[in-house]
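Okay, here's what each chain looks like letter by letter:
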Amino acid sequence: MATVGDGGLVFYPAFCFKASPTHFAWVKMAAVDVHLLKRKAGFEEQSTFFYMNHPIRFVSLVGVIVARTDYPTLTILTVDDSSGATIDVIVLKAPVTDNDSQPVRSGKGDRGGVLQSAYATKHVAATNKTTLDITALIPGTVVQVKGTLSMFRGSMQIQLERFSVIRDTNAEMRFLDLRCRLLAEVLSVPWRLTEGEMARLRREADAEEERLEDEQERLRRRQRRRIEREERDQVRIQKLWEREEKIRAKEAMYSRDAGAKLMHEFEKRKVGLEQ
């Protein structure tokens with residue numbers, strides 16, 4: 001059920017988000033507008049923030065890197081897009097693995113290089129953990145970043161998913177034009193759905209939920225059949241083993257009796273020869 005928030009904005013339930021022009025898109029935004037994003041009670045676990053009543057998870061931003069700070073587990077890129085605010089872009093580092101145990105030397109030449117773990121140079125995307133080479137992302141570089149949203153100590157941050165270095169002023173201006181259009185035509189206008197659209201989205205959500213439940217039930221039935229089959233196989237193997245053990249026991253008894261008879265005959269012949 002939709003709820004009314006501050007300013008009379010209508011916030012729709014999560015099953016309506018698929019109809020939103022922003023929820024599944026890389027939303028082109030300025031840093032100053034990213035800082036205006038707010039959380040809404042009930043959506044914290046989905047990492048969804050809101051601009052007015054527009055649900056937003058993914059953002060795209062173009063600006064110049066003004067600082068780069070490295071920490072043991074992450075690198076922070078501070079980006080300034082001339083909107084009146086800067087924003088921190090968080091780049092996660094890959095965990096240490098056995099292959100990263102050998103130290104590497106940074107810097108040029110045999111002297112002056114600093115030994116550091118290979119782990120310190122490997123960065124990964126926040127969601128799918130694919131490797132990101134951010135060697136080119138140094139202060140003074142103009143870059144387009146795409147990422148998910150997070151908050152740290154009350155300030156918005158971008159968790160880097162992908163990026164591209166901007167080397168053409170025209171490309172930067174095109175992004176700025178698209179960003180301004182999106183702000184004016186979409187973000188600054190409250191998102192609205194009709195009752196009919198909400199009813200349709202509810203039916204689709206219910207149908208999808210039923211489909212998932214049916215699929216889960218099929219998986220459970222399949223798992224039960226597999227377990228029952230394994231139990232039957234175990235019983236059959238156990239019975240086969242017991243039957244073979246009985247056969248082996250009989251054969252051992254026959255062999256023991258035959259050996260005893262043979263020894264008895266041997267002793268009789270030995271006695272007869274001695275006489």
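Keep in mind that what you see is a predicted model, and the values were worked out from it rather than measured.

S.K.: How should the overall build of the protein chain be read in this particular structure?
M.R.: A tally of regular secondary structure across the protein chain gives three helices and 14 strands. Within the protein chain, the fraction of its 275 residues that count as buried is 29%. Of the contacts made within the protein chain by residues no fewer than 6 positions apart, 60% connect residues no fewer than 24 positions apart. When the accessible surface of the protein chain is summed, it comes to about 18,400 Å², and 54% of that surface belongs to carbon and sulfur atoms.

S.K.: Help me out: how do you make sense of the nonpolar core in this one?
M.R.: For soluble globular proteins, nonpolar side chains are generally found buried alongside one another. Formed by 27 residues in total, the largest nonpolar core has its most connected members in Met-29, Val-34, Leu-37, Ile-56, Leu-61 and Leu-149. For this core, the secondary-structure elements that each account for two or more residues are helix 1 (31-34), strand 4 (49-51), strand 6 (58-70), strand 7 (74-80), strand 8 (86-93), strand 13 (142-152) and strand 14 (155-165). With residues up to four places along the chain from it excluded, the contact list for Leu-149 reads Val-34, Leu-37, Ser-47, Phe-49, Ile-56, Arg-57, Val-59, Met-156 and Gln-157. If you look at the next biggest cluster of nonpolar residues, it comprises twelve residues, including Tyr-12, Phe-15, Phe-17 and Phe-50.

S.K.: Honestly, the UniProt feature "coiled-coil region" (unreviewed entry) in the protein chain in this entry has me stumped. Any pointers?
M.R.: When the UniProt feature table is mapped onto this chain, "coiled-coil region" (unreviewed entry) is found at residues 198-233. Taken end to end, residues 198-233 has its terminal C-alpha atoms 52 Å apart, with 100% of it in helix and 0% in strand.

S.K.: Can you walk me through the packing of aromatic side chains in this structure?
M.R.: Two aromatic rings, taken as a pair, are described by how far apart their centres are and by the angle between their planes. Scanning all chains against the criterion turns up five aromatic pairs. Ring geometry for Tyr-12 against Trp-191: centres 5.0 Å apart, planes inclined by 70°, an arrangement best described as edge-to-face. Residue Tyr-12 is found in the loop between strand 2 (10-11) and strand 3 (26-28), and its partner Trp-191 is found in the loop between helix 2 (169-187) and helix 3 (195-274); the two are separated by 179 residues along the sequence. Of the two residues, Tyr-12 and Trp-191, neither departs from the other in class, the shared state being buried.

S.K.: I keep staring at the pairing of strand 6 and nothing clicks. Help me out?
M.R.: Successive side chains on a regular strand alternate, one facing one side of the sheet and the next facing the other. As defined by bridge partners, strand 3 adjoins strand 6 across three bridges and the pair is classed as parallel. Within strand 6, the position partnered with Trp-26 by the bridge is Phe-58. By the bridge criterion, six bridges tie strand 6 to strand 7 in an arrangement that is antiparallel. Looking at the pairing, Ile-65 lines up with Val-79 of strand 7. Connecting strand 6 to the next strand, strand 7, in antiparallel fashion are three residues.

S.K.: Can you walk me through the pattern of salt bridges in this structure?
M.R.: The final tally for this structure, using the stated rule, is 15 salt bridges. With its nearest N and O atoms 2.9 Å apart, the salt bridge here joins Glu-217 to Arg-220. Taken together, the residues Glu-217 and Arg-220, both in helix 3 and three residues apart, mark about one turn of the helix. Bridged by salt links that share partners, the residues Glu-217, Arg-220, Arg-221 and Arg-224 form one connected network.

S.K.: Would you take a moment to explain unusual backbone geometry for this structure?
M.R.: Negative phi values dominate among residues other than glycine, just as trans dominates among peptide bonds. One non-glycine residue, Met-52, adopts positive backbone phi at about 55°. Here Met-52 shows up in the loop between strand 4 and strand 5 (54-56). Residue classification places Met-52 among the partly exposed residues on the basis of a relative accessible area of 30%. The phi dihedral of Arg-153 is positive, around 50°, even though this residue is not glycine. Residue position: Arg-153 is located in the loop between strand 13 and strand 14. For Arg-153, a relative accessible area of 77% corresponds to the exposed category.

Rules behind the numbers
- In every chain, residue numbers begin from 1 and rise along the written sequence.
- Under the rules for a predicted model, residues below a pLDDT of 70 receive no local features and side-chain atom pairs below 80 are neither given nor counted, while totals for whole chains, interfaces and linings still include all residues.
- Only hydrogens and water are removed before side-chain values are computed, so all heavy atoms of the structure are retained for them.
- The helix and strand labels rest on DSSP assignments: H or I over at least four residues marks a helix, E over at least two residues marks a strand, and numbering proceeds from the N terminus.
- Only protein chains enter the accessibility calculation, which uses a 1.4 Å probe; a residue is then buried when its area is under 20% of its type maximum, exposed when over 50%, and partly exposed in between.
- In this description, contact between two residues means that some pair of their heavy atoms is separated by no more than 4.5 Å.
- Here, Shrake-Rupley sampling with a 1.4 Å probe gives the accessible areas, and only protein chains in the shown set may cover a residue.
- In this description, a nonpolar core means a group of buried Ala, Val, Leu, Ile, Met, Phe, Trp, Tyr and Cys residues linked to one another through side-chain atoms lying within 4.5 Å.
- UniProt positions are given in the numbering used here, feature names are shortened, and annotations may be inferred rather than shown by experiment.
- Note on aromatic pairs: the rings of Phe, Tyr and Trp (six-membered ring only in Trp) are paired at centre separations within 6.5 Å, and the planes decide the class, stacked below 30 degrees, edge-to-face beyond 60, tilted for the rest.
- A pair of strands is labelled paired if DSSP reports no fewer than 2 bridges between them.
- Any Lys or Arg side-chain nitrogen located within 4 Å of an Asp or Glu carboxyl oxygen qualifies as a salt bridge.

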